[in-house]
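# Residue-level structural notes
Take a look at the letters that make up each chain.
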Amino acid sequence: LAPTLSATLHRYLKLRGKDKPKNFYQTAHRNIKLVINMLGDKPLNEYSSIEAGRLRDRLIERQLSPMSVRRAFTCVKAIFNFGLAEYGLDCANPFARIHMPLGKEKKRSPIPVETIREIQIACFEIDDDLRLLVALISDTGMRLSEAAGLAAEDICLDHEDPHINLCPHPWRRLKTQQSERQIPLVGATLWAAQRLLEEVQGEWCFPRYTNAKRCNGNSASAALNKWLKAKVSKKVVVHGFRHSFRDRLRAANCPTELIDRLGGWSANNVGGRYGAGFKLESLKFIMDKIIL
């Protein structure tokens, strides 16, 4: 007998979810819940392409963007394909050939270097925990949750090359395996790290957003984006620092493989996954070139 969609999801997460971040599970549960709520929890071979089309139409009627509909179907298709292969079912994936509405994903814009410098000056002047968080991200390209979930012991200032040891914690996992990395501290980021270790009194650098159970990245994002929009522009968001970080490294003629390493991006080629990687002093040499 073919397994139900919910049973397939359980098996999928058990086998494919190992070492995956929390959002991997959340995304899978959310999208399968959409299918079950609209079409029912049935054996895989009882779903039809007509039903899949109805699901698409219902999502569009709920005013989901075309890219959101596409992403939901991509997730559902992956779980269905897994189930068909895992249980040896000889039937087509009903979600595989559904026509999708056209639409472009909204692209986040990098923050201009002049604007980053303006923001950093404001951080120096205000000098509170929120501004230290902004400054910490501004010259490292860290994801917001990566920075907000730092433990004090992750900051290594007594090293020849001061740096952050970015690693997973029980309260904050990392997005990918490549996200675990060492990031040299330079510019405004070095100042922020020094101020944090002067002020921090417990285990976490940002106890406003982090405790033993979780790191509340969404709350941090809302607070920082509100300040950035009021201080600079409605177009500026905290994730724009990460886009700018890559552009600044490009402008410094940094090799793509090294850029990927510093930003925790996945390597786009097999060769990039060979060897021990870059030494800290090599990373520091490049980072010094992007100090504003």
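### Here's the deal with the nonpolar core
Among the nonpolar cores identified, the biggest contains 55 residues, and I119, L133, L136 and F241 are the most heavily contacted of them. Not counting chain neighbours up to four residues away, the residues in contact with L133 comprise L144, A147, A148, F206, Y209, A220 and L224. Listed in part, the 25 residues of the second largest apolar core include V35, L44, L59 and F95.

### As for the packing of helix α5 (residues 113-126) against helix α9 (residues 217-231)
Between α5 and α9, whose axes approach to 12 Å, the crossing angle comes to 110°. With respect to α9, the axis of α5 lies roughly perpendicular. Remark: the crossing between α5 and α9 carries right-handed chirality. Taken together, the residues of α9 that come into contact with α5 (itself represented by E118, I119, A122, C123 and I126) are W227, L228 and K231. Looking at the contact of α5 with α9 residue by residue, the class counts come to six nonpolar, no polar and two charged.

### Some details on the sheet that holds strand β2 (residues 163-166)
If you trace the three strands from one edge of the open sheet to the other, you get β1-β2-β3, paired in antiparallel fashion. With one partner strand each, in any of the chains shown, β1 (155-156) and β3 (181-184) form the two edges of the open sheet. Of the strand pairs in this sheet, β1 and β2 are connected by two bridges, and their pairing is antiparallel. Of the residues in β2, the one forming a bridge with I155 is I164.

### Some remarks on the side chain of N225
The residue N225 is located in helix α9 in this model. The buried category is assigned to N225, whose relative accessible area is 14%. Reaching out from N225, the side chain makes a polar contact with the backbone nitrogen of V238 at a distance of 2.7 Å. If sequence neighbours within four positions are ignored, N225 has contacts with V237 and V238.

### Examining unusual backbone geometry
In this structure, Q63 is a non-glycine residue whose phi angle is positive, near 70°. Along the chain, Q63 falls in the loop between α3 (49-61) and α4 (66-86). Look at N253: it is not a glycine, yet its phi comes out positive at around 60°. Along the polypeptide, N253 turns up in the loop between α10 (240-251) and α11 (256-263). Relative accessible area serves as the criterion here: at 68%, N253 is assigned to the exposed category.

### Digging into the pattern of salt bridges
Should their charged atoms come close, side chains of opposite charge can pair. A complete count under the given rule lists 14 salt bridges for this structure. Ionic pairing is found between R246 and D260, a salt bridge with its closest N-O pair at 3.0 Å. With R246 in helix α10 and D260 in helix α11, this residue pair connects regions lying 14 residues apart in the sequence. You'll find R246 and D260 in the same group, each marked buried. Note that R250 is salt-bridged to D247, the shortest N-O span being 2.6 Å. Of this pair, R250 and D247 both sit in helix α10, separated by three residues, roughly a single helical turn. We classify D247 as partly exposed; its relative accessible area is 36%. Shared partners join several salt bridges into a network, and the residues in it are D127, R195, E198 and E199.

### Quick notes on the state of the cysteines
For the structure on display, the rule yields zero disulfides. The thiol of C75 is unpaired, and the distance to the nearest cysteine sulfur, on C91, comes to 18 Å. For C75, a relative accessible area of 15% translates into the label buried.

### As for α9
For α9, which comprises 15 residues, the first-to-last C-alpha distance of 21 Å matches the rise-based estimate of 21 Å (1.5 Å per residue) to within 8%. If you check which residues of α9 are buried, you get G217, A220, L224, N225, W227 and L228. Here the buried residues of α9 occupy an arc of 165° about the axis, which is enough to place them on one side. The exposed set on the far side of α9, more than 90 degrees from its buried face, consists of N218, K226 and A230.

Calculation rules
- Residues numbered from 1 in each chain as written.
- Predicted model: local features only at pLDDT ≥ 70, side-chain atom pairs only at ≥ 80, totals over all residues.
- Heavy atoms only, no water.
- Core = buried A, V, L, I, M, F, W, Y, C linked by side-chain atoms within 4.5 Å.
- Buried < 20%, exposed > 50% of the residue type's maximum accessible area, 1.4 Å probe, protein only.
- Contact = heavy atoms within 4.5 Å.
- Axes fitted to C-alpha atoms, helices over the stretch in contact; angles between N-to-C directions.
- Helix = DSSP H or I, 4+ residues; strand = E, 2+ residues; numbered from the N terminus.
- Parallel < 35°, antiparallel > 145°, perpendicular 65-115°, else oblique.
- Left-handed = near helix turned anticlockwise from the far one by under 90°.
- Nonpolar A, V, L, I, M, F, W, Y, C, P; charged D, E, K, R; others polar.
- Pairing = 2+ DSSP bridges.
- Polar contact = N/O pair within 3.5 Å; in protein donor to acceptor, adjacent residues only side chain to side chain.
- Salt bridge = Lys/Arg side-chain N within 4 Å of Asp/Glu carboxyl O.
- Disulfide = S-S within 2.5 Å.
- Expected span 1.5 Å × (residues − 1).
- Arc of directions from axis to C-beta.

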